[in-house]
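Residue strings, one per chain:
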Amino acid sequence: MNWNSAAEFFAMGGYALYVWGSFGACLLAFVVEPLLIRQRHSQAVRTLRRQTAAEQLEMENP
Amino acid sequence: MSKQLTNWFRFASPQTFYPLAGKMIPVFWVLAVLFGVAGLWMGFFVAPTDATQGEGYRIIFVHVPTSWMSMFIYLVMAGWAAMGLSLNARLSSMMAQALAPTGALMAFLSLWTGAFWGKPMWGTWWVWDARLTSELILFFLYLGFIALQASIEDPRRADKAGAILALVGVVNVPIIYFSVTWWNTLHQGASVSINKSPSMAMTMLWGMLLMALCLWMYSIAVALTRVRAIILERESHTEWVKQLPETKVEVAA
């Protein structure tokens, strides 16, 4: 084990800014990207549903 | 033989691939999390402190995997684009399109983590050195590919133009990889190479490989999710898309 305490772990031997700046940016990216894609997918589904609904409406009331 | 072949080509149609991708995505997410937890554990708790760089070297566990992925995704993207161009297969072009943003993200993170590593070790966030500059060019190639495809209205023409850009840009990948041996640069040489044993402790190497596997699984999961969205957007005029359980609208009685 490299660390004697949580504080020592977070201090990263004086490199806290650089180590957490790197890992933090990656973590943020890997959380945000999937959320954006999920949004894009549900947006596509919504558009399709609207399209189909509009077509059906048109067929029922020409 | 021929039956097997046709079975295989069946998956090349968006209609069969869409539900298949939907089933595969959770598997890759589980693998990504497992490899990620193992890699972080190795990287922070098992791998020893570096003799010269102290704890600062631990940036390697995200820097090297994101850099590898940025180059690897580019090659895969160019491969799909080439397949789309030569076989006129629209799913291949959609795959290339789905990989580009993730590749760009990896290139960006490679540059970002590199800057956060360069500052404490070299005393500067950025230098115009061969390795860094060629990686920056890779980032711009991804952005160029995305921008070019977005600027052309007709999707099939956009695919063709994007494929040509992606293929021309492939030449940059070996330049990045060999830049540290071809030019005199500030960047250190390869940490892992085929023809010599790795210049690092085994536990460090394992941490790095596990993180690379994690990003690999992540990239597949994300690219498959994105390609599903692209399929819906581009195939919206087709009947099968309208018949999907998630897009079907119940007729009001």
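All figures in this text were calculated on a predicted structure; none of them were measured in a lab.

J.: Looking at this structure, I do not really get the overall build of chain A. What am I missing?
T.: A count of helical and extended segments in chain A gives 2 helices and 0 strands. On C-alpha atoms alone, chain A measures out to a radius of gyration of 24 Å, which is more than a quarter above the 11 Å that the 2.2 N^0.38 rule sets for 62 residues. When its C-alpha atoms are laid out on the principal axes, chain A stretches across 75 × 20 × 15 Å. Burial status across chain A gives 16% buried among its 62 residues.

J.: I tried to follow the interface of chain A and chain B on my own but got confused; where do I start?
T.: How big an interface is tends to be stated in terms of the accessible area lost upon association of its parts. Each side of the interface is counted separately: chain A has 27 residues, and chain B has 34 residues. Its residues placed into classes, the side of chain A that touches chain B shows 16 nonpolar, 8 polar and 3 charged.

J.: Explain the packing of helix 2 (residues 14-46) of chain B against helix 8 (residues 202-234) of chain B here, please?
T.: Relative placement of two packed helices is described by the angle separating their axes and the distance separating the axes. All names here are of chain B. Between helix 2 and helix 8, whose axes approach to 7 Å, the crossing angle comes to 155°. Between helix 2 and helix 8, the interaxial angle falls into the category roughly antiparallel. Crossing geometry of helix 2 relative to helix 8 is assigned as left-handed.

J.: When you look at helix 2 of chain B in this model, what are you seeing that I'm missing?
T.: What sets the pattern is the α-helix's 3.6 residues per turn: residues three or four places apart point alike. Residue and element names in this part refer to chain B. Here helix 2 spans 44 Å end to end across 33 residues, near enough to the 48 Å set by a 1.5 Å rise per residue. Bending of helix 2 peaks at approximately 25° at the position of A21. Of all the positions in helix 2, only P14, F17, A21, A32, F35, G39, M42 and G43 are classed as buried. In this structure, the buried side of helix 2 is in contact with helix 3 (60-87), helix 4 (90-122) and helix 8.

J.: Whenever I open this one, the packing of helix 4 of chain B against helix 5 (residues 130-151) of chain B confuses me. Can you help?
T.: All names here are of chain B. With their axes 9 Å apart at the nearest point, helix 4 and helix 5 run at an angle of 150° to one another. Overall, the two elements helix 4 and helix 5 adopt an arrangement that is roughly antiparallel. The two elements helix 4 and helix 5 cross, and the hand of that crossing is left-handed. Residue-level inspection shows Q97, A100, P101, G103, A104, A107, F108, S110, L111 and G114 of helix 4 in contact with helix 5, the latter providing L132, E135, L136, L138, F139, Y142, L143, F145, I146 and Q149.

J.: Even after reading the chapter, I still don't get the nonpolar core, so can you show me in this structure?
T.: Most often, soluble globular proteins keep nonpolar side chains buried together rather than apart. M77, A96, L99 and V227 of chain B are the most contacted members of the largest nonpolar core, which totals 72 residues. Counting residues per element, the ones that place at least two in this core are helix 2 (16-60) of chain A together with helix 2, helix 3, helix 4, helix 5, helix 6 (155-169) and helix 8 of chain B. Considering each element in turn, this core owes the most residues, 19 residues, to helix 8 of chain B. Filtering out sequence-adjacent residues up to four positions away, M77 of chain B remains in contact with A96, L99, A100, G103 and A166 of chain B.

Here is what the cut-offs are and how they apply
Residues numbered from 1 in each chain as written. Chains lettered and ligands numbered in written order. Predicted model: local features only at pLDDT ≥ 70, side-chain atom pairs only at ≥ 80, totals over all residues. Helix = DSSP H or I, 4+ residues; strand = E, 2+ residues; numbered from the N terminus. Rg over C-alpha atoms; globule rule 2.2 N^0.38 Å. Buried ≥ 20, exposed ≤ 12 C-beta atoms within 10 Å, placed from the backbone. Contact = placed C-beta atoms within 7 Å. Nonpolar A, V, L, I, M, F, W, Y, C, P; charged D, E, K, R; others polar. Axes fitted to C-alpha atoms, helices over the stretch in contact; angles between N-to-C directions. Parallel < 35°, antiparallel > 145°, perpendicular 65-115°, else oblique. Left-handed = near helix turned anticlockwise from the far one by under 90°. Expected span 1.5 Å × (residues − 1). Bend = angle between axes of the 7 residues up to and from the residue. Core = buried A, V, L, I, M, F, W, Y, C linked by C-beta atoms within 7 Å.

These results come straight from atomic positions and should not be treated as a statement about function.
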